[in-house]
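Summary of structural features
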Amino acid sequence: MKKPGTKMISTYENQLKKFGPVPAALGCPKGRQDIRFEALTKYLNKGNSLLDYGCGFGDLFLFLKKKDLKITYNGCDVVKSFIEIAKEKYPKENFFQTEVDKKLDKKYDHIIASGVFNFLYAKSKKKHEDLLKKSLTILFNSSKKTLSVDFLSEFVDFQDKDTYHQNVSKLTRFVSENLSRRFLINHSYMPYEFCIHIFKNDEILKPKNVFKSKS
């Protein structure tokens, strides 16, 4: 039985051979990647730790460095060749290989997953969604402050047979019932993508009935 994400990994490896270690190999043409990063990093704080889950070539690290956002960066990916390239580019940073739905060994203040779930992990959409829910739960449990995830939008004119476009209602129901009642959906930075920021602290301040934390 094939491991989840086998076809996805093969596709990325073929794109790497075709385009080289550039954003296009990750399915994100030049110019759009930084827009996505800008949206996903909204709640990062200086001095905190970050896991870039599905880090590709470590491009998020360079983005944060240019913005002078000093954080403890860590990156992981399921594609071995991506990790090898990231280590060559940024030898001082911590990169490691992981597997689809594998539990993490430690916790991080913030976890970002950029474009990680846009490619179907299984032939069955239902199976992919089950793996997605399991992965989100693992990532949320391994975050101390926020989990920020980018998805392809369902509000599109065309969907490739191998891509996954997230239903917003299904996502928010799962998040609110299983992870946190405090989250933010941003569908304003690109027409065919959106991201969700899920906050670890969803404590409610009584009797005002507002969220206690602002971070």
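Here we summarise the structure given alongside this text. A quick note: this is a predicted structure, and the numbers were derived from the prediction, not measured. (Residues numbered from 1 in each chain as written. Predicted model: local features only at pLDDT ≥ 70, side-chain atom pairs only at ≥ 80, totals over all residues. Heavy atoms only, no water.)

Focus on the nonpolar core
The nonpolar side chains of a soluble globular protein tend to be buried, and buried together. Counting residues in hydrophobic clusters, the biggest one holds 41 residues, and the most contacted among them are F117 and L136. The set of elements that each furnish at least two residues to this core consists of α1 (6–19), β1 (49–53), α4 (80–89), β4 (108–113), α5 (125–141), β5 (143–153), α6 (168–178) and β8 (193–199). Residue contributions to this core peak at 6 residues, all from α5. Beyond its immediate stretch of four places on either side in the chain, L136 contacts F117, L147, V149, L171, F174 and L179. C55, L60, L64 and M190 belong to the second-largest nonpolar core, a separate cluster that totals 21 residues. (Core = buried A, V, L, I, M, F, W, Y, C linked by side-chain atoms within 4.5 Å. Buried < 20%, exposed > 50% of the residue type's maximum accessible area, 1.4 Å probe, protein only. Helix = DSSP H or I, 4+ residues; strand = E, 2+ residues; numbered from the N terminus. Contact = heavy atoms within 4.5 Å.)

Quick word on the pairing of β5
With 9 of 11 residues buried, β5 lies mostly within the body of the structure. Two strands pair when backbone bridges link them, and β4 and β5 are joined in this way by 5 bridges, in the parallel orientation. Of the residues in β5, the one forming a bridge with Y108 is S143. Both β5 and β8 contribute to a ladder of 7 bridges, which runs antiparallel. Of the residues in β8, the one forming a bridge with L152 is E193. Sheet topology note: the β5/strand β6 (residues 165–166) ladder contains 2 bridges and is parallel. Bridge pairing links S153 to Q166 in β6. (Pairing = 2+ DSSP bridges.)

Topic: the packing of aromatic side chains
Evaluated as defined, the whole model comprises 11 aromatic pairs. Residues F61 and Y90 carry aromatic rings whose centres are separated by 5.0 Å and whose planes lie at 65 degrees to one another, so their mutual orientation is edge-to-face. With a gap of 29 residues between them, F61 in helix α3 (residues 59–66) and Y90 in the loop between α4 and β3 (94–97) connect regions that are remote in the sequence. You'll find F61 and Y90 in the same group, each marked buried. Ring centres 5.7 Å apart and planes at 65 degrees place the aromatic pair Y73 and F95 in the edge-to-face group. Taken together, the residues Y73 in strand β2 (residues 72–77) and F95 in strand β3 connect sequence positions 22 residues apart. On the basis of relative accessible area, Y73 is assigned to the buried category, the value being 3%. The structure contains a cluster of three or more aromatic residues connected by ring pairs, namely Y12, F57, F82 and F119. Residue placement shows R182 over the ring face of F199; its charged tip is 4.2 Å from the ring centre. Against the face of F140 rests K200, its NZ or CZ located 4.3 Å from the ring centre. (Phe/Tyr/Trp six-rings, centres within 6.5 Å; stacked < 30°, edge-to-face > 60°. Lys NZ or Arg CZ within 6 Å of the ring centre and 35° of its normal.)

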